[in-house]
Amino acid sequence: MQGFPGGLPDLAHLQATMNAIEHACSLIQMHMNPAEAESVIASLHSSHMPYQTCRFIIETSKVPNARFQAAGAIGDAAIREWGILTDENKRSLIIFCLQYVMEHASAPDAYVQSKVSAVAARLCLTIFFSGEAIYFGQPWLWPTVSEFSPSTSSALGLPREFHEQCQSFLEMNYLKEFYCWAQAALLSVSNKILEHPTSVPEEKVCSAALRLMFQILNWDFKHTANEPDNSHSRINTLTSGIRHDAVMLKKFDHSLVKPGPTWNDVLISSGHTSWLLNFYATLRENCSYDTLWIDSPIAVSARQLIVQLCSLAGAVFPSDNGETQIKHIVLILSAIIQWIDPPDVISASIQSGQSESEFIDGCHALLSMASLTSAMLFDNLLTSLRPYGTIHVLSSLTSEVVKILTVNQDEEETWSADALDILLETWSVTLGQTDGDKTIFPHDRVFAASSLFNTIVESHLKAAADSALDENDDTEYFHASVSKRDERLASYALIARAAADMTVPFLVRLFSERFSLLSQRISGNESTRTLEELYWLLLITGHVLTDSGEGETALVPEALQAGFLNVVEAVHHPVVALS
């Protein structure tokens with residue numbers, strides 16, 4: 001193993017030492033010459049850099065007690081020689097111990113595996129809590145956690161079967177303990193961080209602990225007992241508003257974090273989330289003078305973990321019809337709302353040079369919440385905190401971002417483009433649940449959707465008119481833009497259909513106004529501007545009136561059929577008029 005401490009091993013010496021240790025263990029077992037036997041074993045424990053020898057004994061010896069003693073010698077020597085071991089040495093010792101335990105999990109001599117496991121834990125704790133706590137700033141456990149968290153490949157080149165066994169073993173025996181160690185490390189330095197935010201050693205410890213906790217919660221948990229039966233998920237959603245099935249997103253990877261009931265004490269009942277939110281809020285306030293802090297490792301890591309905690313689901317919460325989970329989501333929303341509201345003030349500060357990363361993370365948190373809740377619950381989450389619902393904030397956010405993006409339409413890779421993608425995905429998740437039933441939202445929420453659609457259309461019409469004389473012959477760029485454009489238009493259409501009785505007549509009026517302008521024989525440039533506006537109106541109208549048929553006959557969306565139940569005669573139907 002690369003980085004394993006000790007010089008190049010001499011096979012004859014290794015064999016002789018192993019024979020001596022095995023003989024000493026047999027003498028002790030037979031109660032013969034105990035002093036001589038203990039002296040031989042003590043010499044191994046006290047020898048300089050015995051790691052290669054101990055590894056040889058652990059991997060080769062047929063005598064369990066010899067392997068037990070060799071494991072103990074590794075632990076004693078590592079603690080004694082901690083100061084002269086390199087970072088790679090320490091990591092290699094931990095990985096060796098963990099891999100041995102996982103490979104021999106079903107071996108009959110369980111006490112040997114327990115000893116090796118205890119050595120690994122002892123070394124990890126030394127890293128976390130020694131006077132050299134800065135070492136925790138190095139990714140000690142990330143390689144281990146990361147190696148066994150993916151479900152498809154192994155960075156170490158291990159066979160898939162072994163990879164899956166190790167993944168299962170780590171999850172059931174170590175993952176929660178690793179998380180608790182990281183929590184303890186974070187708590188041990190948090191007070192000093194709050195008092196002195198720029199304290200470098202503690203800041204590194206804190207950032208690394210947060211990143212490790214995030215990585216652990218990113219695990220693909222398999223052994224989660226007592227999970228809800230997905231066959232009853234629709235009934236559960238109707239009664240509690242909490243979804244139990246993962247929502248498939250178009251543009252973002254998203255999966256529910258389901259560590260199971262054994263994690264309740266660590267993540268839920270302990271108040272861990274509340275502590276983390278308060279820690280970030282206090283640190284954020286203390287560092288408000290520093291415009292660069294928002295992108296510091298500790299700030300980024302804390303927000304990543306907070307957003308990941310939004311996706312907690314399943315049996316980690318008690319069986320109380322979603323009550324505890326809803327409180328958990330509202331608790332996080334009460335904190336992250338400061339990152340995104342009021343949208344106009346925050347966007348102005350971003351355009352003035354403030355980092356957009358916190359705003360983007362807040363949008364991601366909203367998307368996670370929407371994917372966990374019914375449309376009605378999602379809207380009601382905010383009503384206990386503000387005099388308006390979550391849909392109102394989502395509408396205001398989207399409106400602000402659209403206005404900024406359409407002004408800077410040539411700068412596609414901007415923060416506003418990233419934010420709009422996230423927000424439109426949130427709308428798609430929320431509105432995709434309605435199945436044409438507009439009554440799922442109260443009238444003021446429908447009005448918010450209508451107002452947002454009006455802003456979207458007006459902003460894009462202005463952008464279209466302003467670009468009327470702009471000729472771009474870059475074919476590759478054009479095709480990429482068409483694909484991106486159609487994605488956004490499809491999302492805009494969902495918003496329009498949520499308030500079809502207002503948005504369809506609005507489109508009819510816009511068409512009529514521009515037809516009237518053309519009939520007045522306006523000047524050449526003005527005519528071109530009007531034609532560009534009509535072109536964009538045709539694009540958005542096509543998406544509003546039909547979904548992509550993918551080769552099949554396009555059908556009228558249910559939302560449009562349900563939006564005009566009071567219209568009897570087809571000739572007077574707004575959809576007919578628009579068509």
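Residues numbered from 1 in each chain as written. Predicted model: local features only at pLDDT ≥ 70, side-chain atom pairs only at ≥ 80, totals over all residues. Heavy atoms only, no water.

Focus: the overall build of the chain
Moving on, step 1. Counting secondary structure elements, the chain contains 26 helices and 0 strands.
Moving on, step 2. The buried share among the 579 residues of the chain stands at 50%. (Helix = DSSP H or I, 4+ residues; strand = E, 2+ residues; numbered from the N terminus. Buried < 20%, exposed > 50% of the residue type's maximum accessible area, 1.4 Å probe, protein only.)

Let's talk about the confidence of the model for the chain
Moving on, step 1. Averaged over the chain, the pLDDT score is 83; the fraction of residues at 70 or greater is 83%.
Moving on, step 2. Long-range and interchain partners of residues 151–156, a stretch whose pLDDT sits below 50, account for 10 contacts in this model, where long-range means more than four residues apart. (pLDDT = per-residue confidence, 0-100. Contact = heavy atoms within 4.5 Å.)

With respect to the packing of helix α14 (residues 297–309) against helix α15 (residues 323–340)
Moving on, step 1. Orientation of α14 relative to α15, taken along the N-to-C sense of each, is 140°, at an axis distance of 10 Å. Between α14 and α15, the crossing angle belongs to the class labelled oblique. Along this stretch, α14 crosses α15, giving a crossing that reads as left-handed. Contacts from Arg-303, Ile-306 and Leu-309 in α14 reach His-328, Ile-332, Ile-336 and Trp-339 in α15. (Axes fitted to C-alpha atoms, helices over the stretch in contact; angles between N-to-C directions. Parallel < 35°, antiparallel > 145°, perpendicular 65-115°, else oblique. Left-handed = near helix turned anticlockwise from the far one by under 90°.)

Digging into the pattern of salt bridges
Moving on, step 1. The tally for this structure, following the rule as stated, stands at 21 salt bridges.
Moving on, step 2. The partner of Asp-220 in a salt bridge is Lys-222, with the nearest N and O atoms 2.9 Å apart.
Moving on, step 3. Residue class for Asp-220 comes out partly exposed when judged on its relative accessible area of 29%.
Moving on, step 4. Glu-513 serves as the salt-bridge partner of Arg-514, at 3.5 Å between the closest nitrogen and oxygen.
Moving on, step 5. Residue Arg-514 is classed as buried on the basis of its relative accessible area of 11%.
Moving on, step 6. What makes Glu-513 partly exposed here is its relative accessible area of 35%. (Salt bridge = Lys/Arg side-chain N within 4 Å of Asp/Glu carboxyl O.)

What about the side chain of Glu-22?
Moving on, step 1. With respect to the element layout, Glu-22 can be found in helix α1 (residues 11–29).
Moving on, step 2. No salt bridge is formed by the buried Glu-22; its nearest oppositely charged neighbour, Arg-67, is found at 7.3 Å.
Moving on, step 3. Once you skip the residues sitting within four places of it in the chain, Glu-22 turns out to touch Ser-61, Lys-62, Val-63 and Ala-66. (Lys, Arg positive; Asp, Glu negative; His and termini not counted.)

Brief notes about helix α2 (residues 34–46)
Moving on, step 1. A rise of 1.5 Å per residue sets the reference length of α2, with its 13 residues, at 18 Å; its end C-alpha atoms lie 18 Å apart and thus fit the reference within 8%.
Moving on, step 2. Within the span of α2, buried status applies to Ala-37, Ile-41, Leu-44 and His-45. Taken around the axis of α2, the buried residues stretch over an arc of 100°, which confines them to a single face. Residues of α2 that are exposed and point over 90 degrees away from its buried face: Ala-35 and Ser-46.
Moving on, step 3. Buried residues along α2 sit in contact with α1, α3 (51–60) and α4 (64–80). (Expected span 1.5 Å × (residues − 1). Arc of directions from axis to C-beta.)

Some details on the packing of α1 against α4
Moving on, step 1. Between α1 and α4, the least distance of the axes is 8 Å, while the angle of their chain directions is 115°. As judged from the angle between their axes, α1 and α4 are roughly perpendicular. Seen from above, α1 lies across α4 with right-handed handedness. Residues Ile-21, Glu-22, Cys-25 and Gln-29 of α1 form the contact with α4, whose own contacting residues are Asn-65, Ala-66 and Gln-69.
Moving on, step 2. Residues belonging to the contact of α1 with α4 are distributed by class as follows: 3 nonpolar, 3 polar and 1 charged. (Nonpolar A, V, L, I, M, F, W, Y, C, P; charged D, E, K, R; others polar.)

Some words on the side chain of Arg-514
Moving on, step 1. As for its position among the elements, Arg-514 is in helix α23 (residues 500–519).
Moving on, step 2. A polar side-chain atom of Arg-514 sits 2.9 Å from a polar atom in the side chain of Glu-533.
Moving on, step 3. For Arg-514, the contacting residues outside a window of four places in its chain are Leu-461, Thr-530, Glu-533, Leu-534 and Leu-537. (Polar contact = N/O pair within 3.5 Å; in protein donor to acceptor, adjacent residues only side chain to side chain.)

Observations concerning the packing of aromatic side chains
Moving on, step 1. Considering all chains together, one arrives at 9 aromatic pairs under this definition.
Moving on, step 2. Between Tyr-280 and Trp-293 the ring centres are 5.6 Å apart and the planes differ by 40°, which places this aromatic pair in the tilted class. Of the two residues, Tyr-280 sits in helix α13 (residues 272–286) while Trp-293 sits in the loop between α13 and α14, which places them 13 residues apart along the sequence. By the burial criterion, Tyr-280 is buried, and Trp-293 matches it.
Moving on, step 3. Joined through ring pairs, the aromatic side chains of Tyr-179, Phe-221 and Trp-263 make up one cluster.
Moving on, step 4. Of note, Arg-55 hangs over the ring of Phe-4, and the distance from its end group to the ring centre comes to 4.9 Å. (Phe/Tyr/Trp six-rings, centres within 6.5 Å; stacked < 30°, edge-to-face > 60°. Lys NZ or Arg CZ within 6 Å of the ring centre and 35° of its normal.)

So, unusual backbone geometry
Moving on, step 1. With an omega of 5°, the peptide bond between Asp-341 and Pro-342 qualifies as cis.
Moving on, step 2. Residue position: Pro-342 is located in the loop between α15 and α16 (343–351).
Moving on, step 3. Located in the positive-phi region is His-31, a residue other than glycine, with phi close to 55°.
Moving on, step 4. You can see His-31 is positioned in the loop between α1 and α2.
Moving on, step 5. The phi torsion at Met-49 lies on the positive side, around 50°, for a residue other than glycine.
Moving on, step 6. With respect to the element layout, Met-49 can be found in the loop between α2 and α3.
Moving on, step 7. On the basis of relative accessibility, which here comes to 22%, the residue Met-49 falls in the partly exposed class.

Comments concerning the nonpolar core
Moving on, step 1. Within the largest apolar cluster, 161 residues are counted, with the highest numbers of intra-cluster contacts made by Leu-267 and Phe-359.
Moving on, step 2. Counting residues per element, this core draws most heavily on helix α20 (residues 415–431), which supplies 10 residues.
Moving on, step 3. Beyond its immediate chain neighbours, meaning those up to four positions away, Phe-359 contacts Trp-339, Ile-340, Ile-346, Ile-350, Leu-397, Val-401, Trp-415 and Ala-419. (Core = buried A, V, L, I, M, F, W, Y, C linked by side-chain atoms within 4.5 Å.)

Observations regarding the environment of Trp-339
Moving on, step 1. Relative to the elements of secondary structure, Trp-339 occurs in helix α15.
Moving on, step 2. Classification of Trp-339 by relative accessible area gives buried; the value is 3%.
Moving on, step 3. Through-space distance from the C-alpha of Trp-339 to that of Ile-360 is 8.7 Å; in sequence the pair is 21 residues apart.
Moving on, step 4. Residues within four places of Trp-339 in sequence aside, it is in contact with Tyr-280, Arg-284, Arg-303, Ile-306, Ile-346, Glu-358, Phe-359, Asp-361 and Gly-362.

Some thoughts on α13
Moving on, step 1. For α13, with 15 residues, the first-to-last C-alpha span of 21 Å sits near the 21 Å given by 1.5 Å per residue.
Moving on, step 2. Of all the residues in α13, the buried ones are His-272, Thr-273, Leu-276, Leu-277, Phe-279, Tyr-280 and Leu-283. For α13, the angular spread of buried residues about the axis comes to 160°, placing them on one side.

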